[in-house]
Amino acid sequence: MQAKETSFLKFLRVPNQFRIPIFQRRYSWEEPHCEQLWQDVLRIGQNDETPSHFLGSIVYIEPDGSQNISAVSELLVIDGQQRLTTLSLLLLALSRTIEKSGSEIGITPKQISNYYLFNADEEGELRYRQLLTYHDKDTLIQLLEDRELPSDASLRLVENYRFFESKLQNTNLKLVYAGIQKLAIVDIALDRRYDDPQLIFESLNSTGLSLSQADLIRNYVLMGQELDFQTKLYNDHWLPMEQRFGDAYAEWFDWFIRDYLTVKRRQIPNINNVYETFKTHVPRQTTLEVLESTIAEIDQYSKHYVKFALLQEEDLDLRECLKDIYELEARVARPLLLEVYEDYTPGQIQKPELIEILQLVESYVFRRAICGIPTNTLNRVFESLMTRVDKSNYLRSLKDAFQQLTSTRRYPSDNEFKEALFIKDVYNFSRRSYLLRKLENHGREELISVEDYTIEHVMPQNPDMSESWQQELGENWQEVQEKYLHTIGNLTLTGYNSKLSDRPFKEKQCICGGFRDSPLRLNRSLAQTEQWNENNILARAKELAEKALKIWISPE
């Protein structure tokens, strides 16, 4: 390793080509990063007492000596691409602004291009001082050549170039150039014969640079491979995974690898330690055949994962089941779903069985929430359930596994579920909309959107109960209101909440938009009952609880 401090412009002027290898993440700086760089450039440009401003390091791998000595050296950047690319955008914008304005600042547009943006004597891709990856690459080239941008242009590159272009319009260009001249970096060149780029990359990450577990894993898999094999792994498997996750890649890929490792190792890695666990699962001495097979398997599992984690399932019946699990935020169930989907794909499970398995997962999570059972053991429950499944008798053995759970891991029985639902404070329950939606839409072909309605208390919330309501509820009206106000028996949906307000029960039934005028099934019994008191509240709660047992099924 060779490390030396140098000015950024001196570093960039040497006729090299900085290539961003395929294992690096895409260009990702946003406007706040550019704004900070811009302010730093202006500050040091106008301060004669500040000799330099340190930007950080740029780390790259030197060529192995096999290149033609007359060719431009192709350097693989393993750290610093964000700074390098952003400063190239600034230099490009400065060059164009000088050309349009005719300003004299001590350097010409042609000099900026030939010294820092292009290798003037080269042709083809070697003409460019920097080459990014995939879509970023095409976008940067089109910007440099001042051509029409591709339809799928990299927004970050375009937006940041335009940011600098706009900032330069009303700025002293001499000050900007003076500031750029004072920018300093640490130039770190690695020799692939002696330096381990992956270890250096990990060391850089440990000092606080923002790299996700997914970044580290991708680099671990690809960085040390021969270029042809590296390209094959990336194009055949890793790139399709990135495209599959799309914009959700940064948020979801770490969780996917965690759940994949849970399935394969029967242990749950800490989300912040996924990379270290992955290195144990795929040690560095793994053969190329085993490595490719493992990455192909991860690729296959990712196809399942996006179906339930990102709701990309195309089968409408399955997607409806998955939407319910998604709404419950049952992330802990994903290792089980991942393994079940892997078995469903080759036909080991049939579609009706898969639907029932999804319903069991949903019901297990929701029944426990209604019963107020702590969730701190749920991740281990789902991790261990599949070890009890006989895959030759899939559904039955999974039901048996659910039934055998005890204590805080238990699958609540019908009686426990019903009794808890009777007294549950549903109004302040985080999943109340989900509960009411499911109750309303059970058995419907034309589904109701709960978002179009508001929650209505049949017996009003107002502690200053009107005389008519006191008579409606009876002598113990205060006790009834306190006990049943927010329970399922007293709650419904309406589009006329403000109109119903605290009106007497009979008026709530009969006015336009009242219970008798409502198309909602939740309001049928409210339209028919003659009085609203404790007995009627309990009767409606019982009716809804019986319906709930059909929706949130038991494994028995």
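How each quantity is defined
Residues numbered from 1 in each chain as written. Predicted model: local features only at pLDDT ≥ 70, side-chain atom pairs only at ≥ 80, totals over all residues. Heavy atoms only, no water. Helix = DSSP H or I, 4+ residues; strand = E, 2+ residues; numbered from the N terminus. Contact = heavy atoms within 4.5 Å. pLDDT = per-residue confidence, 0-100. Buried < 20%, exposed > 50% of the residue type's maximum accessible area, 1.4 Å probe, protein only. Pairing = 2+ DSSP bridges. Axes fitted to C-alpha atoms, helices over the stretch in contact; angles between N-to-C directions. Parallel < 35°, antiparallel > 145°, perpendicular 65-115°, else oblique. Left-handed = near helix turned anticlockwise from the far one by under 90°. Nonpolar A, V, L, I, M, F, W, Y, C, P; charged D, E, K, R; others polar. Salt bridge = Lys/Arg side-chain N within 4 Å of Asp/Glu carboxyl O.

Undergrad: Any chance you could explain the environment of Arg368 here in plain terms?
TA: Examined against the element boundaries, Arg368 turns out to sit in helix H16 (residues 351–371). Sequence spacing of Arg368 and Tyr411 is 43 residues, and the spatial spacing of their C-alpha atoms is 7.1 Å. Once you skip the residues sitting within four places of it in the chain, Arg368 turns out to touch Ile373, Pro374, Thr375, Thr377, Leu378, Thr408, Arg409, Arg410 and Pro412.

Undergrad: Explain the confidence of the model for the protein here, please?
TA: Predicted coordinates in areas of low pLDDT are best not read in detail. Counting all residues, the mean pLDDT for the protein is 90, and 95% of those residues have values of 70 or more. Overall, residues 66–70 carries pLDDT values under 50, and its contacts beyond four positions in sequence, including any with other chains, amount to 4 contacts.

Undergrad: Please explain the pairing of strand E6 (residues 183–190) as it appears in this structure.
TA: Each regular strand shows side chains that alternate between the opposite faces of the sheet. Most of E6 is tucked away, with 7 of its 8 residues classed as buried. As paired strands, strand E1 (residues 2–7) and E6 are joined by 6 bridges and run antiparallel to one another. In the strand pairing of E6, Thr6 is matched with Ile185. As paired strands, strand E3 (residues 53–61) and E6 are joined by 8 bridges and run parallel to one another. Residue pairing for E6: Ser57 is matched across the bridge by Val186.

Undergrad: What am I meant to see in the side chain of Gln142 here?
TA: Relative to the helices and strands, Gln142 resides in helix H5 (residues 134–145). You can call Gln142 buried: its relative accessible area is 19%. Apart from the residues within four sequence positions on either side, Gln142 is in contact with Arg147, Glu148, Leu149 and Pro150.

Undergrad: How should I be thinking about the sheet that holds E3 in this particular structure?
TA: By way of backbone hydrogen bonds, the strands of a sheet pair with one another, either parallel or antiparallel. Spatial strand order, E1-E6-E3-E4-E2-E5: 6 strands in an open sheet with mixed pairing. The open sheet has two free edges, formed respectively by E1 and strand E5 (130–131), since each of these has just one partner strand. Relative to strand E4 (residues 73–79), strand E2 (residues 16–19) runs parallel, the two being bridged by 4 bridges. Paired with Arg19 across the strands is Leu76, a residue of E4.

Undergrad: It is not clear to me how the packing of H16 against helix H17 (residues 378–385) should be interpreted in this structure. Could you clarify?
TA: Helix packing geometry: the angle between the two helix axes and the distance between the axes. It is the contact of H16 with H17, at a shortest axis distance of 13 Å, that shows an interaxial angle of 155°. In terms of their interaxial angle, H16 and H17 are classed as roughly antiparallel. The handedness of the crossing between H16 and H17 is right-handed. Residues Val361, Tyr364, Val365 and Arg368 of H16 lie in contact with H17, whose contacting residues are Leu378, Val381 and Phe382. Counted by class, the contact of H16 with H17 contains 6 nonpolar, no polar and 1 charged residues.

Undergrad: Can you walk me through the pattern of salt bridges in this structure?
TA: Here the idea is simple: oppositely charged side chains can pair when their charged atoms come close. Tallied over the full model, the rule gives 37 salt bridges. Note that Lys279 is salt-bridged to Glu276, the shortest N-O span being 3.6 Å. A residue pair is termed a helical-turn pair when its members lie 3 or 4 positions apart in one helix, as Lys279 and Glu276 do in helix H12 (residues 274–281) at 3 residues. Measuring nitrogen to oxygen at the nearest pair gives 3.4 Å for the salt bridge that ties Glu320 to Lys323. Of this pair, Glu320 and Lys323 both sit in helix H14 (residues 316–327), 3 residues apart, which is roughly one turn of that helix. According to the relative accessible area criterion, Glu320 is partly exposed, its value standing at 35%. Each of Asp324, Glu327, Glu362, Arg437 and Lys438 takes part in salt bridges that share partners, so that together they form one network.

Undergrad: Please explain unusual backbone geometry as it appears in this structure.
TA: What is expected of a backbone is that most residues other than glycine have negative phi and most peptide bonds are trans. For Arg266, which is not glycine, the phi torsion reads 60° and is therefore positive. Structurally, the position occupied by Arg266 is in the loop between helix H11 (249–265) and H12. Accessibility expressed as a relative area gives 30% for Arg266, which makes it partly exposed. Its identity is not glycine, yet Ser501 carries a phi of approximately 45°, on the positive side. For Ser501, the position within the fold is in the loop between helix H23 (497–500) and helix H24 (505–510).

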